[in-house]
Each structure stands twice: as C-alpha cells, then as structure tokens.
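The primary structure of each chain is shown beneath.
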Amino acid sequence: MRRRWGGDRRLGAAERHFQTSRALAATLGADRLQLSCENNLGEVFRFRGDQVAARLSYARAARLAGARGWGDLAAVAHVNLALVALQRREGSTVAGEIDRVAALLDDHPRHWAWQVVGLLRSLRAAERGEEPACRAWWSVAQDRGLARMPGPDLWLPLERLSTAAAAQGWVDLSDAAAGLATRAAGGVRTEGVEVELTD
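Note that the coordinates shown come from a computational prediction; the quantities given were computed from them, not determined experimentally.

It is worth spelling out the environment of R110 at this point. Its location among the elements puts R110 in the loop between helix 5 (91-104) and helix 6 (114-128). Measuring from C-alpha to C-alpha, the distance between R110 and G145 comes to 9.7 Å, with 35 residues separating the pair along the chain. The contact partners of R110, leaving out residues within four places of it in the chain, are D143 and R144.

The interhelical angle for the contact between helix 5 and helix 6, taken along N-to-C directions, is 145 degrees, at an axis separation of 10 Å. The way helix 5 lies across helix 6 gives a crossing that is left-handed. In this structure, helix 5 uses G91, S92, V94, A95, I98, D99, V101 and A102 to contact helix 6, whose residues at the interface are W114, V116, V117, L120, R121 and R124. Grouping the constituent residues of the contact of helix 5 with helix 6 by class yields 9 nonpolar, 2 polar and 3 charged.

Moving on, we come to the packing of helix 7 (residues 131-143) against helix 9 (residues 171-184). Running from amino to carboxyl end, helix 7 crosses helix 9 at an angle of 35 degrees, the nearest separation of the two axes being 12 Å. The two elements helix 7 and helix 9 cross, and the hand of that crossing is left-handed. Residues C134, R135, W138 and Q142 of helix 7 form the contact with helix 9, whose participating residues are D172, L173, A176, A177 and L180. Here the contact of helix 7 with helix 9 is built from residues that sort into 6 nonpolar, 1 polar and 2 charged.

Here is what the cut-offs are and how they apply
- Residues numbered from 1 in each chain as written.
- Predicted model: local features only at pLDDT ≥ 70, side-chain atom pairs only at ≥ 80, totals over all residues.
- Heavy atoms only, no water.
- Helix = DSSP H or I, 4+ residues; strand = E, 2+ residues; numbered from the N terminus.
- Contact = heavy atoms within 4.5 Å.
- Axes fitted to C-alpha atoms, helices over the stretch in contact; angles between N-to-C directions.
- Left-handed = near helix turned anticlockwise from the far one by under 90°.
- Nonpolar A, V, L, I, M, F, W, Y, C, P; charged D, E, K, R; others polar.

And the structure:
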C-alpha cells in the first residue's frame, strides 16, 4: 500500500526536517524528541512506500524507548512495525510484534494501541477460523475505540478481517469490519489498490 500526502515533495521536506530535528535531539540528549523524530521518519517512509526504511526507523524508535523504560512509547513503535509486517504479509512477524505490544501495555489497559492489538488478533483468529477468539478480540478493539477512530493505517487489516469473516460466514462481523474499512479509507473501498490521501 502506498499513500501520498500532497505528493513526494512534501514528504521529502518532512524527511529533511525530521532528520535535522533527530540529529539536534541526539546532540542535545533530548531522547523523547529523538524518539518522536524516529517514529515520524518511519511514518514518512511508510507513506512513501519504503517499507524497509520505515521498518528500520520504527525499530530504532522501539530500541530507544525500550532502553529508556518507556514501555507505552515502545508499544507504539511495535504497533507500527506490526503494520509494516502486515503490509508485507509476514504473519508471524505481525503476531510477534503484537505480542510485544500487549506485554509492554500490560500496565496500560486503556491505551489506544489495544485497539490495534484487538484488531490484528481478531484478524489472525478469523483467518484461522477461530470464531470465539475472533469475536473476543474484535470486542477488545471496539472497547478501545476502533469505531471512533478507524484511521487510514487500519483500512488494510479491516479489509482483510472483512474478507476472512465473510469466508467463514460471519456476516455481521464482515459487514462491521467493511464499514469501518470504508471509513478508514476515506469513504472508498480499497483492497489491493493505491490510496491517495490529499489535503
């Protein structure tokens, strides 16, 4: 999946600014700013379609947050690593990253990232035909706010969940996931195509 925000020119400028900020933060010892820059560089690379660079940036963010004991911030980096792995159809990597997120958020039961944990675990259960687990994790995603904020990052797992649930005959779940996928993609169903998000 490749998304554009007003073209590669703006992404190039964002990349330069985040790289400059990251270097200054590292020089000054401003670890939280450096972490934020790493994560945002990962977003720039992912939106540009460069999954390898995105994964490296997110991994640096995860290591930095982990070294500082910032579990909730490390969890966000691991969510992003899971989303990159999902785009690459690396199921075992997705599962491993989501397990890391869940462990890091053990002391943060209301953190927004639980919606992604719930969604991706629901997807995995649906693809395996495990209806009780699928519905339980779908409920976790819903309880943590998925219906209120299905961002563009979540359209792919929502589309895949809709497809997997439909294949299992779970029409209610398929329809619910499809509706959220449409909202996440800005009103357009998008399985397997490039989505352009412009301002």
